[in-house]
Amino acid sequence: MDTGGLFVLGFVALVVVTLYKGAKIVPQGFEWTVERFGRYRTTLSPGLGLIVPYIDSIGRKVNMMEQVLEVPSQEVITRDNAAIKVDGVVFYQVLDAARAAYEVNNLEYAILNLTMTNIRTVLGSMDLDESLSNRDVINTKLLTVVDQATHPWGLKVTRIEIKDITPPPALVEAMGRQMKAEREKRASILEAEGARQASILKAEGEKQAAVLEAEGRREAAFRDAEARERLAEAEAQATRAVSDAISSGSVQAVNYFVALKYVEALHSIGLAPNQKIIFMPMETAGLLGALGGIGEIAREALQGQVKKA
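As the structure is a computational prediction, the values presented were derived from the model and not from experiment.

(A) Spotlight on the nonpolar core. Counting 34 residues, the largest nonpolar core has Val86, Leu107, Ile111, Ile119 and Leu155 as the members making the most contacts within it. Sorting the residues of this core by element identifies strand 6 (67–77), strand 7 (83–94), helix 2 (97–102), helix 3 (107–124), helix 5 (135–150) and strand 8 (155–166) as the ones contributing at least two each. Considering every element that reaches this core, the biggest residue donor is helix 3, with 8 residues. Look past the residues within four positions of isoleucine 111 in its chain and what remains in contact with it is Leu69, Val90, Tyr92, Trp153 and Leu155. Judged by nonpolar contacts, the second largest core, of 5 residues, contains Val26, Val34, Leu44 and Ile51.

Have a look at this one:
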């Protein structure tokens with residue numbers, strides 16, 4: 001091979017190397033920084049990018065996708081001096097590749113230490129009960145503080161989640177006893193309240209029954225009194241009629257009155273349940289005379305009505 005051939009071969013090789021150094025293909029989800037003589041010049045977006053060969057070079061290859069960073073477990077002292085172990089997870093995304101590459105050294109390490117420090121600060125200002133029951137509040141406080149602190153680095157912290165809060169075994173056992181005692185207390189209170197309500201309802205029912213019974217007795221007594229009053233009025237009218245008849249000289253009225261009482265007495269004796277056979281030594285003529293008197297009274301009354309007509 002002569003000198004001309006070597007020159008052409010060297011020129012072709014130089015062109016290939018130059019094209020390789022000047023053309024860069026950036027994958028999706030990444031951005032590459034371009035440095036010229038060690039100084040940041042520009043950023044290449046995903047796709048084909050061109051730089052000046054032998055002068056420019058690729059500085060940092062920054063991942064622009066949302067990333068997850070595990071926060072290791074650490075021991076934290078709460079405000080009421082309870083030692084707990086806490087771990088978590090951080091979600092973040094790089095928004096400015098140049099600032100993330102040149103504003104902080106070892107980006108993940110910086111985010112991790114910043115998050116762990118703020119976890120100790122936030123949980124150290126809370127009681128144990130608050131720490132266990134207010135995870136949303138803890139997550140919000142951590143997100144606000146860490147996002148503000150990492151903003152100069154070109155980051156956006158999207159979420160911070162506390163995964164586990166683990167109290168010491170002795171404290172867990174004490175909390176279990178406390179919870180059991182609290183539940184037994186609530187059960188006793190509910191049982192007592194139920195008994196109280198049952199007693200009240202029973203007393204109300206008995207009171208209502210007594211009121212209704214008293215009203216029934218009152219109504220019955222009123223009706224009995226009314227019936228006795230009407231019976232007394234009837235007897236008074238009958239007695240008055242008999243008295244008028246006697247005063248007018250009619251003896252048959254007395255026979256009528258005696259016969260009526262005699263018949264009523266026989267009726268009562270006949271209705272008695274313990275009487276099956278009745279021996280009555282009585283004068284039949286007297287009874288017939290009384291009944292005859294009743295007939296005489298009836299005839300006299302009819303004759304009086306006829307005369308008036």
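(B) Summary view of the sheet that holds strand 6. If you walk across this open sheet you meet the 3 strands as 6-7-8, and the pairing is antiparallel. A single partner strand is all that each edge strand has here, and the edge strands are strand 6 and strand 8. Shown here is a sheet whose adjacent strand axes are inclined to one another by a mean of 20°, direction ignored. Where strand 7 lies against strand 8, 10 bridges are found, and the strand directions are antiparallel. For phenylalanine 91, the partnering residue across the bridge sits in strand 8 and is arginine 159.

(C) The arrangement of the packing of helix 3 against helix 5 in detail. Closest axis-to-axis distance for the helix 3/helix 5 pair is 10 Å, and the angle between their directions is 140°. Here helix 5 runs oblique to helix 3, going by the angle between their axes. Where helix 3 crosses over helix 5, the handedness of that crossing is right-handed. Every residue of helix 5 that contacts helix 3 at Leu114, Thr115, Asn118, Ile119, Val122 and Leu123 is listed here: Ile138, Lys141, Leu142, Val145, Val146, Ala149 and Thr150. A class-by-class count of the residues in the contact of helix 3 with helix 5 yields 9 nonpolar, 3 polar and 1 charged.

(D) Representation of the pattern of salt bridges. What the rule picks out here adds up to 12 salt bridges. A salt bridge links arginine 159 to glutamate 161; its shortest N-O distance comes to 2.2 Å. Where arginine 217 meets glutamate 213, a salt bridge forms, and the shortest distance between an N and an O atom there is 3.2 Å. Residue arginine 217 and its partner glutamate 213 are located together in helix 6 (residues 169–247), separated by 4 residues, close to a single helical turn. Residue classification places arginine 217 among the exposed positions, given a relative accessible area of 51%. Among the ionic contacts, a cluster of salt bridges with common partners joins Arg36, Arg41 and Asp56.

(E) Quick look at the sheet that holds strand 2 (residues 30–36). With respect to topology, 3 strands assemble into an open sheet ordered 3-2-5, the strand pairing being antiparallel. The sheet terminates laterally at strand 3 (39–44) and strand 5 (56–63), the two strands that pair on one side only. For this sheet the average axis-to-axis angle between neighbouring strands, irrespective of direction, equals 30°. Taken together, the 5 bridges between strand 2 and strand 3 define a ladder with antiparallel strand orientation. By the bridge assignment for strand 3, glutamate 35 is matched with tyrosine 40.

What counts, and at which threshold
- Residues numbered from 1 in each chain as written.
- Predicted model: local features only at pLDDT ≥ 70, side-chain atom pairs only at ≥ 80, totals over all residues.
- Heavy atoms only, no water.
- Core = buried A, V, L, I, M, F, W, Y, C linked by side-chain atoms within 4.5 Å.
- Buried < 20%, exposed > 50% of the residue type's maximum accessible area, 1.4 Å probe, protein only.
- Helix = DSSP H or I, 4+ residues; strand = E, 2+ residues; numbered from the N terminus.
- Contact = heavy atoms within 4.5 Å.
- Pairing = 2+ DSSP bridges.
- Axes fitted to C-alpha atoms, helices over the stretch in contact; angles between N-to-C directions.
- Parallel < 35°, antiparallel > 145°, perpendicular 65-115°, else oblique.
- Left-handed = near helix turned anticlockwise from the far one by under 90°.
- Nonpolar A, V, L, I, M, F, W, Y, C, P; charged D, E, K, R; others polar.
- Salt bridge = Lys/Arg side-chain N within 4 Å of Asp/Glu carboxyl O.

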